[in-house]
Amino acid sequence: MKPETLAIHSGNLYKSATGDVTPPINLSTTFFRDEDGGYSGGHMYSRVSNPNRSALEKVLTDLENGADACAFSSGNTAGMSLFQALAPGSHIIAPDDMYWGFKKQLQSIFADTLTIDFIDLTNIAGISAYIKENTVMIWVETPSNPLLKITDLAAISKIAKAHDLLLACDSTFASPCLQKPIELGADIVMHSSTKYIGGHSDVLGGALITAKRTPFWEKVRNIQQIGGAVPSPFDCFLLLRSVKTLPYRMRGHCENGMALATYLEKHPKVEAVFYPGLPAHPQHEIAKQQMSGFGGMLSILVHGGAEEARRVVNTVQLFAQATSLGGVESLIEHRASVEGPDTKTPQNLIRISVGLEHIDDLIEDFKQALD
Ligand SMILES: *Cc1c(COP(=O)(O)O)cnc(C)c1O
């Protein structure tokens, strides 16, 4: 089935006794045992599994064309659970512009157990030089944050396979609708469901989806169930509700993203626009091959430095000045001041999450702010 159909139907795992068309929220933390001690209802204790979470994991598995999924209480705990599953002493390769929360985790929480090389993964030919005897994983983030760099997943997967490395992809900016990392050779896909999957800026969540059920994946599942960083039944209900409209929301985000990027590219106050849908984007050809749409995230550099960037984010009316992305409402942010003093993000960079308002209103708003 196609994503639009899967998004609506594949999470409907149970027929409720009362005939609900929409699955109820199962708040019970514990489930009846059978006389022989078994659990014929399929669940024992809510940290281990819960009907709402199983439904969410099923729909995410199907949308990514994977074999299984683990849902977590945030994107950060999804990534952390994967890092925790790696043997101490392992070396991993990650992008130099990796999502800063993960970079922080690796440099602080995992400082004593993992070693990491943060490199430019758009330079495919340069990757092999960093592979060592203890390298176990290449972590890719595409499109990347905040420069919207695109990494060639099929090319990296060849390198990963040749060296027997895991390939993990943070696919948050693409959502499960715009690219299929597993089909391009990734072993594990990661999402912050807080973003496009949730889509309404009202629920935190994360997920890992695996291409195959392997012993390594069982370790990840064990960390989820024993560690317990799981989303609540209500969070899962909200995410399941949201995912039903994800394919259609993504069409709107792509359409608005492209139109706003095209408008901003021509504006004299704008020095550069980073959007993979623009032919001028350095990896536009790769984006065209591996994505079915270019999404709603873009960044711009404005002439006039940090001061002008802050003036613009304070002058737009419809774009809420706030961090995060992927919601129906447009957000705008001066990224360098969020990332702190060590950031390599240019001081005149503005990151935009283009929402689902009418594009004419969004462009009009930018026009008044820039002019
Ligand atoms: C937000 C985000 C995360 C972290 O997810 P949380 O749900 O905020 O914990 C990871 N990667 C990317 C690309 C993100 O945008």
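It should be emphasised that the depicted structure is a prediction, and the values quoted were computed from it without experimental measurement. (Residues numbered from 1 in each chain as written. Predicted model: local features only at pLDDT ≥ 70, side-chain atom pairs only at ≥ 80, totals over all residues. Heavy atoms only, no water.)

### Considerations on the overall build of the chain
No. 1: Counting its secondary structure elements, the chain contains 13 helices and twelve strands.
No. 2: The C-alpha radius of gyration of the chain comes to 21 Å, within 12% of the 21 Å expected for a compact globule of 371 residues.
No. 3: Dimensions along the principal axes, computed over C-alpha positions, put the chain at roughly 75 × 55 × 35 Å.
No. 4: Summarising the internal contacts of the chain: among those between residues at least 6 apart in sequence, 70% fall at separations of at least 24.
No. 5: Surface summary for the chain: the accessible area is close to 16100 Å², and the carbon and sulfur share equals 55%.
No. 6: Distance between charge centres in the chain, computed from 31 positive and 40 negative side chains, equals 2 Å. (Helix = DSSP H or I, 4+ residues; strand = E, 2+ residues; numbered from the N terminus. Rg over C-alpha atoms; globule rule 2.2 N^0.38 Å. Contact = heavy atoms within 4.5 Å. Areas by Shrake-Rupley, 256 points an atom, 1.4 Å probe, with all protein chains shown as cover. Lys, Arg positive; Asp, Glu negative; His and termini not counted. Charge placed at Lys NZ, Arg CZ, Asp CG, Glu CD.)

### Section: the domain arrangement of the chain
No. 1: Assigned domains of the chain: these are domain 1 (3-243) and domain 2 (248-370).
No. 2: Look at where the C-alpha atoms of domain 1 and domain 2 centre, and you get two points 26 Å apart.
No. 3: The interface is formed by 32 residues belonging to domain 1 together with 34 residues belonging to domain 2.
No. 4: Here domain 1 is connected to domain 2 by one salt bridge.
No. 5: Note that E4 is salt-bridged to R251, the shortest N-O span being 2.4 Å.
No. 6: The tally of links between domain 1 and domain 2 comes to 15 residue pairs in polar contact (both at pLDDT 80 or more).
No. 7: Among the elements of the structure, α5 (153-162), α6 (175-178) and α8 (233-243) are those that each provide at least two residues to the side of domain 1 that touches domain 2.
No. 8: Among the elements that line the side of domain 1 that touches domain 2, the one with the most residues is α6, at three residues.
No. 9: Here the side of domain 1 that touches domain 2 is built from residues that sort into 16 nonpolar, twelve polar and four charged. (Domains from an automatic or database assignment. Salt bridge = Lys/Arg side-chain N within 4 Å of Asp/Glu carboxyl O. Polar contact = N/O pair within 3.5 Å; in protein donor to acceptor, adjacent residues only side chain to side chain. Nonpolar A, V, L, I, M, F, W, Y, C, P; charged D, E, K, R; others polar.)

### Things to note about the site of the ligand
No. 1: Lining the immediate surroundings of the ligand are 15 residues, of which N76, D170, S192, T194 and K195 lie closest.
No. 2: At 2.9 Å, a backbone N or O of G75 approaches an oxygen atom of the ligand.
No. 3: Within the side chain of K195, an N or O atom sits 2.8 Å from an oxygen atom of the ligand.
No. 4: With the chains in place, 91% of the 380 Å² that the ligand exposes on its own is no longer accessible. (Near = heavy atom within 4 Å.)

### Some details on the nonpolar core
No. 1: Core analysis: the biggest nonpolar cluster contains 61 residues, and L260, L264, I300, I352 and F366 have the highest contact counts within it.
No. 2: Ranked by the residues each element gives to this core, the list is headed by helix α9 (residues 246-266), at seven residues.
No. 3: Among residues more than four places away in sequence, those in contact with L260 are F319, I352, V354, I359, I363 and F366.
No. 4: Within the second largest apolar cluster, 24 residues are counted, among which are M98, F102, L114 and V220. (Core = buried A, V, L, I, M, F, W, Y, C linked by side-chain atoms within 4.5 Å. Buried < 20%, exposed > 50% of the residue type's maximum accessible area, 1.4 Å probe, protein only.)

### Quick word on a nonpolar patch on the surface
No. 1: Residues I25, L27 and F234 make up a contiguous nonpolar surface patch of roughly 300 Å² in combined accessible area.
No. 2: Note on F234: relative accessible area 44%, which makes it partly exposed. (Patch = residues over 30% accessible without salt bridge, like charges linked within 9 Å, V, L, I, M, F, W, Y side chains within 5 Å.)

### Examining the side chain of S49
No. 1: Residue placement: S49 occurs in the loop between α1 (3-9) and α2 (51-64).
No. 2: Separated by 2.7 Å, the side chains of S49 and H43 make a polar contact.
No. 3: The residues touching S49, leaving out its near neighbours within four places in the chain, are F31, G42, H43 and S54.

### Side note on the sheet that holds strand β1 (residues 68-72)
No. 1: Pairing is mixed across the open sheet formed by seven strands, whose spatial order is β1-β7-β6-β5-β4-β2-β3. The open sheet has two free edges, formed respectively by β1 and β3 (115-119), since each of these has just one partner strand. Each strand axis lies, on average, 20° off the axis of its neighbour in the sheet, ignoring direction.
No. 2: Contacts from helix α7 (residues 215-227) reach β1, β5 (166-170), β6 (188-192) and β7 (206-210), with the element oriented near 25° to β1. (Pairing = 2+ DSSP bridges. Axes fitted to C-alpha atoms, helices over the stretch in contact; angles between N-to-C directions.)

### Observations regarding helix α11 (residues 305-315)
No. 1: Considered for burial, the residues of α11 that qualify are A306, E308, A309, V312 and V313. For α11, the buried positions fall inside an angular range of 165° around the axis, keeping them on one side. Along α11, exposed side chains directed more than 90 degrees from the buried face belong to E307 and N314.
No. 2: In this structure, the buried residues of α11 make contact with β9 (297-302), β10 (320-321), β11 (331-334), β12 (349-353) and α13 (359-370). (Arc of directions from axis to C-beta.)

### Remarks on the packing of α9 against α13
No. 1: At a minimum axis distance of 10 Å, the contact between α9 and α13 shows a crossing angle of 30°. Compared by their axis directions, α9 and α13 come out roughly parallel. Here α9 and α13 pass one another in a crossing that is right-handed. Residue-level contacts link N256, A259, L260, Y263 and L264 of α9 to I359, L362, I363, F366, K367 and L370 of α13.
No. 2: Of the residues assigned to the contact of α9 with α13, the class counts are nine nonpolar, one polar and one charged. (Parallel < 35°, antiparallel > 145°, perpendicular 65-115°, else oblique. Left-handed = near helix turned anticlockwise from the far one by under 90°.)

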